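Notes for the structure review
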Amino acid sequence: MSEILVLVEHVEGQVKKVTLELLTLARKLGTPSAVWAGAGYSPEAKARLTEHGAEKIYVADSAEIADHLVAPKAELLAQLVAEKSPAAVLVAATAEAKEVAGRLAIKTDSGVLTDAVGIQDGLVAEQSIFGGGVNVRSRVTKGTPIIAVRPNSTPVEAAAGAGTEEQVSVTLSDAARSARIVERVKEEKGARPELTEAAIVVSGGRGVGSPEKFAVIEELADTLGAAVGASRAVTDAGWYPHEFQVGQTGKTVSPQLYLAAGISGAIQHRAGMQTAKTIVAIDKRDDAPIFDFVDFGVVGDLHTVVPQLIDEIKKR
Ligand code: FAD
């Protein structure tokens, strides 16, 4: 079977869930090989990759790669593409990995497809475009297909791989060294899960009313062990940080449960959450567009409904 390279996403040595999704997808297309670029590789990371089907793990465990933004990752992948001639390279459709994909495409004279929500036989990628309104099927016709897949678009399935390690060294070009990370500032995220990886997301919209009142959304999220999201009306107004925006110009989430409170359900918001398994909305208007595509809807003032919901969940 043809080799499929999967660029591992990792933070502080922890393999992110999207990588497991990519490995699951890669197993259906060929033989998955994980590519670890940057510091922090560990036996735990190896186990996680192997348990999700990585037959090989190319390890470039180098602080230099970690310190020099995205260019070294593109150089490492380009080197592997030249040496191994894989059938495809899969990366996560995150801001950083999409930049890696673009640079890799230039270096290898290949085509790149972004925002894939699935890949079928023949490496035909299903891409979600126009804010999720249209799906198109596309195939790379030049070079090594490079496909950026949206987080949460593939369910993770465990499967044992051989996990054979191969150490890879990469000689960085001067260009790759031209920009360096000088400081990493850790975001204060508290105990909440990362938005794009969370199993439950509780989002608030303009209907919440004010930045102070957003505390009720946070409390519900914490009661459920969920991540907090927000509509653009909220982030534009400065009620909540932009990094929590869900939608076409925000993040795409695909949790098991998406709970929207005071969000009308504009197409641009829907684009970022419509693939959630179960959608619940609370809105005081019974004709709010969000009720057209929810699984469960509650018509009422969120400041009445949400505290009751919190009390009820806490009793259980
Ligand atoms: P509103 O549409 O004002 O809805 C508020 C809802 O709260 C209403 O349904 C109201 O009935 C309800 N409500 C009010 N008070 C209460 C209460 N006390 N209890 C219960 N319900 C209450 N939007 C995004 O979210 N994400 C994006 O990424 C995004 N990208 C965009 C990109 C472009 C190019 C454009 C043009 C727009 C984009 N938007 C995006 C904006 C989008 O079109 C909407 O304007 C936005 O989603 C509206 O946010 P909202 O639902 O919070 O506010």
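This text goes with the structure placed above it.
Now for a description of the structure that goes with this document. (Residues numbered from 1 in each chain as written. Predicted model: local features only at pLDDT ≥ 70, side-chain atom pairs only at ≥ 80, totals over all residues. Heavy atoms only, no water.)

**Observations regarding the overall build of the chain**
The following threshold applies: The numbering of helices and of strands both runs from the N terminus, where a helix is a DSSP run of H or I of at least 4 residues and a strand a run of E of at least 2. Under the scheme applied here, a residue whose accessible area is under 20% of the maximum for its type counts as buried, over 50% as exposed, and between as partly exposed, the area being computed with a 1.4 Å probe on protein chains only. Here a residue-residue contact requires only that any non-hydrogen atoms of the pair lie within 4.5 Å. Accessible surface is estimated by sampling points in the Shrake-Rupley manner with a 1.4 Å probe; for residues, cover comes only from the protein chains shown. Positive residues here are Lys and Arg, negative ones are Asp and Glu, while His and the chain termini are left out of the count. To locate a charge, take atom NZ for lysine, CZ for arginine, CG for aspartate or CD for glutamate.
In terms of regular secondary structure, the chain is built from 9 helices and 16 strands. Taking all 316 residues of the chain together, the buried fraction comes to 50%. In the chain, the proportion of contacts linking residues at least 24 apart, taken out of those at least 6 apart, comes to 65%. Accessible surface, the chain as shown: approximately 14800 Å² in total, 50% of it carbon and sulfur. The average position of the 33 basic charges and that of the 41 acidic charges among the side chains of the chain differ by 3 Å.

**As for the site of the ligand**
Convention followed: A molecule or strand has a residue near it when one of that residue's heavy atoms lies within 4 Å. Polar contact criterion, stated in full: a pair of N or O atoms within 3.5 Å, where within protein one must be able to donate a hydrogen and the other to accept it, and residues adjacent in sequence count only if both atoms are side-chain atoms.
Near the ligand you find 25 residues, and of these R206, S231, T249, S264 and D283 are the closest. In the model, an oxygen atom of the ligand is placed 2.7 Å from a nitrogen or oxygen of the R206 side chain. A distance of 3.4 Å separates an oxygen atom of the ligand from a polar atom in the backbone of G250. In isolation the ligand has 990 Å² of accessible area, and contact with the protein removes 76% of it.

**Section: a nonpolar patch on the surface**
As a reminder of what qualifies: Within this analysis, patches are made of residues with over 30% relative accessible area and no salt bridge. Like charges are joined at 9 Å or less; nonpolar side chains (Val, Leu, Ile, Met, Phe, Trp, Tyr) at 5 Å or less. Salt bridge, as used here, is a side-chain nitrogen of Lys or Arg placed within 4 Å of a carboxyl oxygen of Asp or Glu.
Taken together, the side chains of F130, V134 and V136 present a nonpolar region at the surface, about 270 Å² in accessible area. For V134, a relative accessible area of 35% gives the class partly exposed.

**Details of the sheet that holds strand β12 (residues 200–204)**
Sheet strands line up and pair through hydrogen bonds in the backbone, either parallel or antiparallel. Going by this rule: Pairing between strands is defined by DSSP: at least two bridges between the two strands are required. Axes here mean lines fitted to C-alpha atoms, for a helix over just the part in contact, with angles spanning 0 to 180 degrees between N-to-C directions.
The 5 strands lie next to each other as β13-β12-β14-β15-β16, forming an open sheet whose pairing is parallel. A single partner strand is all that each edge strand has here, and the edge strands are β13 (227–230) and β16 (296–299). Adjacent strand axes in the sheet meet at a mean angle of 15°, parallel and antiparallel pairs treated alike. The sheet contact formed by β12 and strand β14 (residues 257–261) spans 5 bridges and is parallel. Following the sheet pairing, V201 is matched in β14 by Y258.

**Quick notes on the packing of helix α4 (residues 71–84) against helix α5 (residues 95–108)**
Defined as follows: When describing relative orientation, an angle under 35 degrees is termed roughly parallel and one over 145 degrees roughly antiparallel, while 65 to 115 degrees is termed roughly perpendicular and anything else oblique. In this scheme, a crossing is called left-handed if the near helix is turned counterclockwise away from the far one by less than a right angle; it is called right-handed if the turn is clockwise.
Running from N to C, α4 and α5 point in directions that differ by 45°, and their axes come no closer than 8 Å. Relative to α5, the element α4 is oriented oblique. The element α4 and its partner α5 pack so that their crossing is right-handed. Contacts from A71, K73, A74, E75, L77, A78 and V81 in α4 reach E96, V100, R103, L104, K107 and T108 in α5.

**A few points about the sheet that holds strand β11 (residues 164–167)**
Judged by pairing direction, the sheet is mixed, and its 9 strands sit side by side in the order β9-β8-β7-β10-β6-β1-β4-β5-β11 without closing on themselves. Edge strands, defined here as strands with exactly one partner in the open sheet, are β9 (134–138) and β11. Strand-to-strand, the axes of this sheet are offset by a mean angle of 35°, without reference to chain direction. Both strand β1 (residues 3–7) and strand β6 (residues 88–92) contribute to a ladder of 3 bridges, which runs parallel. Residue pairing in the sheet places L5 in a bridge with V89 of β6.

**A look at the side chain of T144**
Locating T144 in the fold gives a position in the loop between β9 and β10 (146–149). Aside from chain neighbours lying at most four places away, what touches T144 is V81, P86, A87, A88, V89, S110 and G111.

**Comments concerning the nonpolar core**
Cut-off, in case you're wondering: Each nonpolar core is a collection of buried residues, namely Ala, Val, Leu, Ile, Met, Phe, Trp, Tyr and Cys, held together in the definition by side-chain atoms within 4.5 Å.
If you look at the biggest cluster of nonpolar residues, it comprises 30 residues, and the most contacted ones within it are L49, L90 and I119. Of all elements in the fold, only β1, α1 (17–29), β4 (31–37), α2 (43–50), β5 (56–60), β6, β7 (112–120) and β10 reach the threshold of two or more residues within this core. Examining the composition of this core, we find that 7 residues originate from one element, α1, more than from any other. If we ignore the near neighbours within four places in the chain, the residues touching I119 are L25, L29, L90, V124, A125, I147 and V149. A71, I146, A148 and V170 belong to the second largest nonpolar core, which has 29 residues in total.

**Here's the deal with the packing of helix α6 (residues 215–224) against helix α9 (residues 302–315)**
To keep it simple, the criterion reads: Residues are sorted three ways: Asp, Glu, Lys and Arg are charged, Ala, Val, Leu, Ile, Met, Phe, Trp, Tyr, Cys and Pro are nonpolar, and all the rest, Gly among them, are polar.
Their axes nearest at 10 Å, the elements α6 and α9 cross at an angle of 25°. It follows from the interaxial angle that α6 and α9 lie roughly parallel. For α6 against α9, the interelement crossing comes out left-handed. When α6 is examined against α9, the residues V216, E219, L220, T223 and L224 are found in contact with a partner set consisting of L302, H303, V306, P307, L309, I310, I313 and K314. Of the residues that constitute the contact of α6 with α9, the class distribution is 9 nonpolar, 2 polar and 2 charged.

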